[in-house]
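# Report on the structure
The primary structure of each chain is shown beneath.
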Amino acid sequence: MLRIRNLKCFYGRIMAVKGVSLSVNAGEIICLIGANGSGKTTLLSAACGLLASWTGEMEFEKKSLKGMEPPAVVRSGISLVPEGRMVFAPLSVLDNLKLGAYTMYKKKAVSAVEKDLESVMNLFPILGQRYRQPAGTLSGGEQQMLAIARALMARPRLLLLDEPSMGLAPLVAEKIMEAITVLRSRGLTIVLVEQNALAALEVADRGYVFETGSVVLQGAADELLADKDVKRAYLGKDYGDFYDA
Amino acid sequence: MQEILQYLFSGITNGAIYAVIALGFSMLYSSTDLINFAHGEFVMLGALCMVSLSLGMGFSLLPAFFFTVLIVAAAGMIFERLAIRSVRHPEPIVLIIITVGASIFLRGLGMLVWGKDAYSMPQFWDLPPIDIAGARLLPQSIWILLIVTALTVGLQIFYRKTLTGKAMIACAVNKKAAWIVGIPFKWMVLLAFGLATGLGAVAGASIAPITMSSYDMGTMLGLKGFCAAMLGGLGSLWGAILGGFLLGILEAMGVGFVSSGLKDATAFLLLLLVLYVRPQGIIGAADVKRF
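Criteria and thresholds
Residues numbered from 1 in each chain as written. Chains lettered and ligands numbered in written order. Predicted model: local features only at pLDDT ≥ 70, side-chain atom pairs only at ≥ 80, totals over all residues. Axes fitted to C-alpha atoms, helices over the stretch in contact; angles between N-to-C directions. Helix = DSSP H or I, 4+ residues; strand = E, 2+ residues; numbered from the N terminus. Parallel < 35°, antiparallel > 145°, perpendicular 65-115°, else oblique. Left-handed = near helix turned anticlockwise from the far one by under 90°. Contact = placed C-beta atoms within 7 Å. Nonpolar A, V, L, I, M, F, W, Y, C, P; charged D, E, K, R; others polar. Pairing = 2+ DSSP bridges. Buried ≥ 20, exposed ≤ 12 C-beta atoms within 10 Å, placed from the backbone. Core = buried A, V, L, I, M, F, W, Y, C linked by C-beta atoms within 7 Å. Domains from an automatic or database assignment. Expected span 1.5 Å × (residues − 1). Right-handed = clockwise from strand over helix to strand, strands pointing away. pLDDT = per-residue confidence, 0-100.

## With respect to the packing of helix 3 (residues 61-84) of chain B against helix 4 (residues 92-114) of chain B
Residue and element names in this part refer to chain B. Two numbers describe how helix 3 lies on helix 4: the axes approach to 11 Å, and their chain directions differ by 125°. Considered as vectors, helix 3 and helix 4 are oriented oblique to each other. Seen from above, helix 3 lies across helix 4 with right-handed handedness. Counting all contacts with helix 3, which are made through F79, A83 and I84, the residues of helix 4 involved are L95, I98 and A102. Residue composition of the contact of helix 3 with helix 4, grouped by class: 6 nonpolar, no polar and no charged.

Below, the structure is given as structure tokens:
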């Protein structure tokens, strides 16, 4: 579905992603893990059109993403849930969701929007209860749900999630992860960027481990969970074992 | 009593104009985070276009008004496209200086096209002034008040009820987030420029009958509108209206009761006072990001 070959991303003269190749098949949950500054968020920015300065190949459903701006990427079926949620704080929850469907409205798909509103409020009932409230008054977890729901309103086939559990209480983060698996069961393909590698690998099918702009390790999620290097670096488990061995 | 009423009438009339100009500043700021210091020049273009279209080319009132707003809004959009969007590193301060430059350019252009003469034109309604308790109210003042009311209601509906209006707010709140949900950010900025300069044109065209219009009228009007917007709270619709009327009335009272030399000083004294005491303006949100 999404194929990335030898992607290099630049911020001015600094190369933040140094030749990454990865692929995402339809229906998969792929997780990208790695420390701060390892290029995960940069990769997502490039994929959704926010960052234009990249070289290499990026194809979504066989069409190149080169030179596309975010609105065009959204129309082609990719939505990003950005890091830090970025809800429109002064606008109501409902307005946030409607703006998420901006491209749908432009396609004159008003009845589809109504249906989608109902479906995201089923997925996150709290949004249904608070739909009149300004988004800024929601709690962190609720804002994250709103950000995901807003992205869903554009009817993406591929959802990119950037650190959805950042700064959330463990129980809330768990709820978000549950929602992600529900979305996959509905046929959505998901790329998940997470600091919380354990939680991410538990829901994912496959994973890529990033280090300073390159992929250092890839494989099935359970293999990565068992991998010693991953454990040492990202899961914090068996630290002693590793050194003894 | 009669005097106060007379000052009040003239204050309200001027205030309404300041309010419309302040609206232009405010709405551009709230959707692009930019202060357009060339805004006053678009008011000047509005006034002079109105004079030319109605007197020079013989258009009747409504078409002249309509085309004036259209022409000036188009000019505003061309300005955005050529001078604002093409900036490589759009830092706010760079853009603001560009608008200052544009104001000088437009003033020069106005002088080339219309010369240095001042123009006047007849009022929209050819009626004698109305006598209220001994004070005289110009029919044009009523026109201006009607126009301000219509604009305020219209803008309110635009922001509250239409998807485009909400998308514009979204761009103001978080440009990046608006972009990734699929809102064409650049088009929104262009539209905001068109609307704001269109508002400027409305102000210009409305005062053309009660003032002398000339190429250099825009600077002072622009600054007064800016003061009004700051006074009420930059970025707030009601703030612009309130600030405009307050400034107009205080100015008129100052002229009437203190000294006519105080007219232009009032605005800037108020501006200083607001910046000291309440920089976010009377009803502005507390988190003023810049200035």
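## Considering the sheet that holds strand 10 (residues 214-220) of chain A
Residues and elements named next belong to chain A. Read from one edge to the other, the open sheet built from 6 strands follows the order 6-7-8-3-9-10, with strand pairing classed as mixed. Whereas interior strands pair on both sides, the edge strands pair on one side only; in this sheet they are strand 6 (78-81) and strand 10. Strand-to-strand, the axes of this sheet are offset by a mean angle of 15°, without reference to chain direction. Examined bridge by bridge, strand 9 (residues 206-211) and strand 10 share 6 bridges and lie antiparallel to one another. Along strand 10, the bridge assignment pairs Y208 with Q218.

## Points about the environment of B:L262
Residue and element names in this part refer to chain B. Considering the arrangement of structural elements, one finds L262 in the loop between helix 10 (237-258) and helix 11 (263-277). Given 16 C-beta atoms within a 10 Å radius, L262 is considered partly exposed. For the pair L262 and I104, spaced 158 residues apart in the sequence, the C-alpha separation amounts to 26 Å. With near-sequence residues (within four places) excluded, L262 lies in contact with G254 and V255.

## A closer look at the nonpolar core
Membership of the largest hydrophobic core comes to 164 residues, with the highest contact counts inside it found for A:L160, A:L192, B:A19 and B:V20. Here the element with the most residues in this core is helix 1 (residues 2-32) of chain B; it accounts for 14 residues. If you count residues domain by domain, this core takes at least three from each of domain 1 (22-77 + 157-245) and domain 2 (87-155) of chain A. Once residues lying within four places of it in the same chain are set aside, the contact partners of A:L160 are A:L44, A:A47, A:C48, A:I78, A:S79, A:L80, A:V81 and A:V191.

## Quick notes on helix 8 (residues 185-207) of chain B
Taking 1.5 Å per residue, 23 residues should reach 33 Å; helix 8 of chain B reaches 33 Å between its end C-alpha atoms and fits that length. Across the 23 residues that make up helix 8 of chain B, a large majority, 19, are buried.

## What to know about the pairing of strand 4 (residues 54-60) of chain A
Residues and elements named next belong to chain A. Judged from the 6 bridges that link them, strand 1 (residues 2-11) and strand 4 form a sheet pairing that is antiparallel. Counted as the bridge partner of C9 is W54 from strand 4. As judged from the 2 bridges shared by strand 4 and strand 5 (residues 63-64), these two strands associate in the antiparallel manner. Pairing of F60 across the sheet is with K63, part of strand 5.

## Section: the sheet that holds strand 5 of chain A
Residue and element names in this part refer to chain A. If you walk across this open sheet you meet the 4 strands as 2-1-4-5, and the pairing is antiparallel. Here the strands that pair on one side only, and so sit at the sheet edges, are strand 2 (14-24) and strand 5. As defined by bridge partners, strand 1 adjoins strand 2 across 8 bridges and the pair is classed as antiparallel. Its bridge partner lying in strand 2, F10 is registered against M15. Across the sheet, helix 1 (residues 40-47) touches strand 1, strand 2 and strand 4, and the angle it forms with strand 1 is around 110°.

## Looking at the domain arrangement of chain A
All names here are of chain A. Domain boundaries assigned for chain A yield domain 1 (22-77 + 157-245) and domain 2 (87-155). Its C-alpha centre places domain 1 at a distance of 24 Å from the equivalent point of domain 2. Tallying the contact residues gives 11 residues for domain 1 and 8 residues for domain 2. Of all the secondary structure elements, the ones that give two or more residues to the side of domain 1 that touches domain 2 are helix 2 (70-76) and helix 8 (170-185). When residues of the side of domain 1 that touches domain 2 are assigned to their parent elements, the largest contribution, 4 residues, is made by helix 8. Of the residues that constitute the side of domain 1 that touches domain 2, the class distribution is 9 nonpolar, 1 polar and 1 charged.

## Looking at the pairing of strand 8 (residues 189-194) of chain A
All names here are of chain A. In terms of burial, strand 8 is largely enclosed, as 6 of its 6 residues are buried. Alternating residues of strand 8 divide into T189, V191 and V193 and I190, L192 and E194, and every residue in both groups is buried. Looking at chain direction, strand 3 (residues 29-34) and strand 8 are connected through 5 bridges and run parallel. Bridged to I30 within strand 8 is V191. Pairing between strand 7 (residues 158-162) and strand 8: 5 bridges, direction parallel. By the bridge assignment, L160 is partnered in strand 8 with V191. Taken together, strand 7, helix 8 and strand 8 constitute a β-α-β crossover, and its handedness is right-handed.

## Quick look at the confidence of the model for chain B
Mean pLDDT for chain B: 89, with 98% of residues reaching 70 or above. In the model output, the complex is listed with pTM 0.85 alongside ipTM 0.87.

## Remarks on the packing of helix 2 (residues 39-56) of chain B against helix 9 (residues 218-232) of chain B
Residues and elements named next belong to chain B. Helix 9 packs onto helix 2 with a crossing angle of 125° between their chain directions and a minimal axis gap of 7 Å. One way to sum up the angle between helix 2 and helix 9 is to call them oblique. Considering only the axes of helix 2 and helix 9, their crossing is right-handed. Contacts from H39, G40, E41, V43 and M44 of helix 2 reach helix 9 at G218, T219, L221, G222, L223 and G225.

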